[in-house]
Amino acid sequence: MTTTDTTGTTRTTGPVLQLRGLTREFGSGIATVQALRGVDLTVATGEFVAVMGPSGSGKSTLLTLAGGLDTATGGEVLVEGQELGGLRRAALAKVRRTSVGYVFQDYNLIPALTAAENIALPRELDGVPARRARREAQAALEEIRLPELADRFPDEMSGGQQQRVAIARALVGDRRLVLADEPTGALDSETGEAVLALLRKRCDEGAAVVLVTHESRYAAWADRVVFLRDGTVVDQSVSGTAESLLAGGGAR
Ligand SMILES: Nc1ncnc2c1ncn2[C@@H]1O[C@H](COP(=O)(O)OP(=O)(O)O)[C@@H](O)[C@H]1O
Ligand SMILES: [Mg+2]
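Not measured: the values here are computed from a predicted model.

Some thoughts on the overall build of the protein chain
Tallying secondary structure elements over the protein chain gives eight helices and 12 strands in all. Buried positions account for 46% of the 252 residues belonging to the protein chain. Looking at the protein chain alone, contacts between residues at least 24 apart form 66% of all its contacts between residues at least 6 apart. A total of about 12000 Å² of accessible surface is found on the protein chain, and carbon and sulfur atoms cover 49% of it.

Description of the site of ligand 1
In the vicinity of ligand 1, the contacting residues are Phe-26, Val-33, Ala-35, Pro-54, Ser-55, Gly-56, Ser-57, Gly-58, Lys-59, Ser-60 and Thr-61. The backbone of Gly-56 places a nitrogen or oxygen atom 2.7 Å from an oxygen atom of ligand 1. The separation between an oxygen atom of ligand 1 and a polar side-chain atom of Lys-59 is 2.8 Å. Residue assignment for the shell around ligand 1 shows that the elements contributing at least two residues are β4 (33-43) and α1 (59-66). A total of three residues in the shell around ligand 1 trace back to one element, the largest contributor, which is α1. Each residue belonging to the shell around ligand 1 can be placed in one class, and the counts come to four nonpolar, six polar and one charged.

Basis of the calculations
- Residues numbered from 1 in each chain as written.
- Chains lettered and ligands numbered in written order.
- Predicted model: local features only at pLDDT ≥ 70, side-chain atom pairs only at ≥ 80, totals over all residues.
- Heavy atoms only, no water.
- Helix = DSSP H or I, 4+ residues; strand = E, 2+ residues; numbered from the N terminus.
- Buried < 20%, exposed > 50% of the residue type's maximum accessible area, 1.4 Å probe, protein only.
- Contact = heavy atoms within 4.5 Å.
- Areas by Shrake-Rupley, 256 points an atom, 1.4 Å probe, with all protein chains shown as cover.
- Near = heavy atom within 4 Å.
- Polar contact = N/O pair within 3.5 Å; in protein donor to acceptor, adjacent residues only side chain to side chain.
- Nonpolar A, V, L, I, M, F, W, Y, C, P; charged D, E, K, R; others polar.

All quantities given are derived from atomic positions and should not be read as evidence of function.
Written out as structure tokens, the structure reads:
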């Protein structure tokens, strides 16, 4: 279902993200790795889902498929109701740019661009005038409390600063789906909590967030925690029971 708001933007009112029977194999023959084995997951508008699981369980694979950065071996990915597998290359690139904000584990900032330019780039690619994109970038830097970094290049920032700039880049614009792969890895716990608060706020404003994390205190910000093991969802819990599950029990 779609609606059109006062600015003429068409919005789907259904789930922001749907994964249906998603599989991903790497390699072939005896060397085949089944990274995902039939994952179903639906994330609604305003919902914050944390994905946890051991190293190699398929968390990053799930996220890259959800963001249209990789192609599934089987099953479907729908972002705002559009099945990514059915899109042509240009249409897929547009979904990636306008609907999806992606925070990579290793930041992926462009070394030759300043912080503000890195944040403004996806907006400019999308046709936002340079001056407005620059204003938005400055506002995003203020939101992550690093306005003084605007003109600095990635190699002039600490790991934690680069991480936060990468998060600002994913949040700028009106992207409905924010995907973050362990975005708190390089952050101290106070800054980590601040980043989680930003993601939570974005959800409350109507985005859907999927966060990969191995830290239960960050997962506690989520509405729901999905546990992956060997490419399969082994458990889903609503917040509240999440903590008891993470503590290894359930019935306490
Ligand atoms: N590009 C790739 N080529 C081959 N194997 C891969 C590739 N990406 C991931 N894998 C394998 O898929 C499995 C899941 O990986 P990944 O999604 O990165 O796990 P996680 O993020 O949970 O640590 C692992 O066995 C990993 O080695
Ligand atoms: Mg990973």
